[in-house]
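Spelled out from the first residue to the last, the chains are:
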Amino acid sequence: MGRLRRDRAVAEVSAEDRAQVLMDSTATSIADVLNGGTSEGVTMKEALSMPAVWDAINFLSAAMAGLPIEVFEKTDETGGDKKLIGGVADVLGAAVNDSTTSFSWRETFFSQVFGPGRAYSYIERDRRGEAINLFAMEYERTTVRRVKGRLFYDYMEPSGRVKTYAGKDVIDIAYMLKPDHVNCHNPVMTCASAIRQGLNANRYALTVFGKNGVPPYVLKGPFTAAKEMMRAAADLMKVTRRSAEDGKPILPMPAGHDLVRLGDDPEKMQLTPVQIFAVGQVARIYQLPPVFLQELSKGNYNNIEHQDLHLVKHTLRRWVEKFEQELTLKIFGRGSRRYVKLDLDGIMRGDFKTRIEAIVKAVQNALLTPNEGREMMNKPPLAGGNTLFIQGATVPLEMAGTAFNKNAPPAGEHDSDTPAEEPEETTETD
């Protein structure tokens, strides 16, 4: 249709105005981008083809999957809550079922949260009500509905059979729920125009630098008829592409003809800044510092370190708390003394020096026992390592010199409001 419209337009103009014809190396895609004819919507497949979106989803899902996950039970005893091992702790921390590890399950789970916007998993229980397996439920096959205030999940199996699960047996995390608490917002579809902007910039770059480096041109020459013009343009287009494919730097041109590049220069159009801005838009959607999307144009050592803190405090922390509360509620129920906890310290696992220094300071200041510090480094406990230690270099000021002066009186011996008695005066007598 684009070619028919172009032929009709050429036939309608005068002979003087028919002295140029479009040579488009990528059909009409460049024209669509230049005149704004591209749509503002975007599909999930298109969004994932944008490197910034792919990186954001991949990074966040892997970060949540890599955090250590543990189960505790509240106690009234001194020494803190009791850490549980085995059973549910192994299901959540090691393998959620016979064929899926905890890391793989969480990575896939959160890729659905940050992609389509929601993820579900079914909890299989034994006769005592203990969770023994977790099974992922595909987003496209799951429908959520509310009946008398309670949520139910209808899941269509590959066989076509529909199974209904009660809300208490389904782990459900949404990127952002709507006010009805049934439907959710899809981050990709909600911010489709910003993602489309980045896709259009990539599309324009591909148009300019694609097709063996042959960009779109306008052929100018002394044409007298539309057929002659189209035939000359087609012949020249074939020669141009053949020369580019053969790697020939010289292009033969008919006398009196000229090639003029269509559109503006990519440098003048600031194509690279537009693509950088598109990465920043994706970073805003997912509340990620740009450095984690490999956008380092303004990165340095100091601000990258602060972006690490921003990631933990303002992005990962809220997802960790959301995940912890959902797992605790669905696996143990309301009012249970057991709870799930994700260790954000695990994100520092790659920095060996920082990790060692933090453990040493905690042990020296009686915050951790040596065995607790060894456990954080995956080392076995040692005898005598369950005692809290603290350095003795810090003492009260009045005791500072006592240890160095053995003959000094004990501290506080002369600390009295009454002055010391003066010796009695004696008089000599004859």
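The structure this text deals with has already been given above.
On a predicted model such as this, the values are computed, not experimentally measured, just so you know.

Caption draft 1: How the structure looks around the overall build of the protein. Along its length, the protein carries 13 helices and 14 strands. Per-residue burial over the protein gives 33% buried out of 430 residues. Nonlocal contacts in the protein, meaning residues at least 24 apart in sequence, comprise 64% of its contacts between residues at least 6 apart. A total of about 27,800 Å² of accessible surface is found on the protein, and carbon and sulfur atoms cover 53% of it.

Caption draft 2: Representation of the layout of surface pockets. Estimated volume of the second largest pocket: approximately 660 Å³. Lining the second largest pocket are 23 residues; nearest its centre among them are Leu 151, Gly 167, Glu 326, Leu 329 and Lys 330. Every element with two or more residues in the lining of the second largest pocket is listed here: strand S6 (118-125), strand S9 (150-156), strand S11 (170-174) and helix H11 (301-332). Considering every element that reaches the lining of the second largest pocket, the biggest residue donor is H11, with 7 residues. Tallied by class, the residues present in the lining of the second largest pocket amount to 8 nonpolar, 5 polar and 10 charged.

Caption draft 3: Here's a closer look at the side chain of Glu 295. Take Glu 295: it is sitting in the loop between helix H10 (271-285) and H11. We classify Glu 295 as buried; its relative accessible area is 18%. Among all residues touching Glu 295, those that are not within four sequence positions of it are Ile 276, Val 279 and Pro 290.

Caption draft 4: Geometry of the sheet that holds S9. The 3 strands lie next to each other as S8-S9-S10, forming an open sheet whose pairing is antiparallel. Of all the strands in the sheet, the pair left with one neighbour each is strand S8 (142-147) and strand S10 (162-166). For this sheet, the mean angle separating the axes of adjacent strands, direction not counted, is 25 degrees. Here S9 runs beside S10; their pairing, made up of 5 bridges, is antiparallel. Its bridge partner lying in S10, Phe 152 is registered against Ala 166.

Caption draft 5: Representation of the pattern of salt bridges within the structure. Throughout the structure, instances matching the rule amount to 13 salt bridges. Here Glu 70 ties to Lys 83 by a salt bridge, and the two come within 3.1 Å at their closest N and O atoms. Taken together, the residues span a long stretch of sequence, with Glu 70 in strand S2 (residues 69-73) and Lys 83 in strand S3 (residues 82-84) at a distance of 13 residues. Residue classification places Glu 70 among the partly exposed positions, given a relative accessible area of 22%. Note that Glu 138 is salt-bridged to Arg 141, the shortest N-O span being 3.5 Å. A relative accessible area of 41% means that Glu 138 is categorised as partly exposed. Judged by its relative accessible area of 27%, Arg 141 is partly exposed.

Caption draft 6: Structural context of the packing of helix H4 (residues 51-65) against helix H6 (residues 102-114). Look at H4 against H6: their axes get within 8 Å of each other, and the N-to-C directions meet at 140 degrees. Comparing the axis directions of H4 and H6 gives the class oblique. The element H4 and its partner H6 pack so that their crossing is right-handed. When H4 is examined against H6, the residues Ile 57, Asn 58, Leu 60, Ser 61, Ala 62, Met 64 and Ala 65 are found in contact with a partner set consisting of Phe 103, Arg 106, Glu 107, Phe 110, Ser 111 and Phe 114. Partitioning the contact of H4 with H6 into residue classes produces 8 nonpolar, 3 polar and 2 charged.

Caption draft 7: Looking closely at the environment of Arg 146. Topologically, Arg 146 is positioned in strand S8. You can call Arg 146 partly exposed: its relative accessible area is 39%. Residues Arg 146 and Asp 180 lie 34 residues apart in sequence; the distance between their C-alpha atoms is 9.3 Å. With near-sequence residues (within four places) excluded, Arg 146 lies in contact with Leu 151, Asp 180, His 181 and Val 182.

Caption draft 8: Representation of the pairing of S11 in the model. The element S11 is largely enclosed, with a buried count of 5 among its 5 residues. Side-chain alternation along S11 places Val 170, Asp 172 and Ala 174 on one buried face and Ile 171 and Ile 173 on a second face that is also buried. Where S6 meets S11, 5 bridges bridge the pair, whose relative direction is antiparallel. Within S11, the position partnered with Tyr 122 by the bridge is Val 170.

Conventions used here
- Residues numbered from 1 in each chain as written.
- Predicted model: local features only at pLDDT ≥ 70, side-chain atom pairs only at ≥ 80, totals over all residues.
- Heavy atoms only, no water.
- Helix = DSSP H or I, 4+ residues; strand = E, 2+ residues; numbered from the N terminus.
- Buried < 20%, exposed > 50% of the residue type's maximum accessible area, 1.4 Å probe, protein only.
- Contact = heavy atoms within 4.5 Å.
- Areas by Shrake-Rupley, 256 points an atom, 1.4 Å probe, with all protein chains shown as cover.
- 1 Å grid on protein atoms, 1.4 Å probe; cavity = no way out; pocket = protein on both sides within 12 Å on 5 of 7 lines; lining within 4 Å.
- Points joined across faces, edges and corners; volume = space filled by probe spheres on them.
- Nonpolar A, V, L, I, M, F, W, Y, C, P; charged D, E, K, R; others polar.
- Pairing = 2+ DSSP bridges.
- Axes fitted to C-alpha atoms, helices over the stretch in contact; angles between N-to-C directions.
- Salt bridge = Lys/Arg side-chain N within 4 Å of Asp/Glu carboxyl O.
- Parallel < 35°, antiparallel > 145°, perpendicular 65-115°, else oblique.
- Left-handed = near helix turned anticlockwise from the far one by under 90°.

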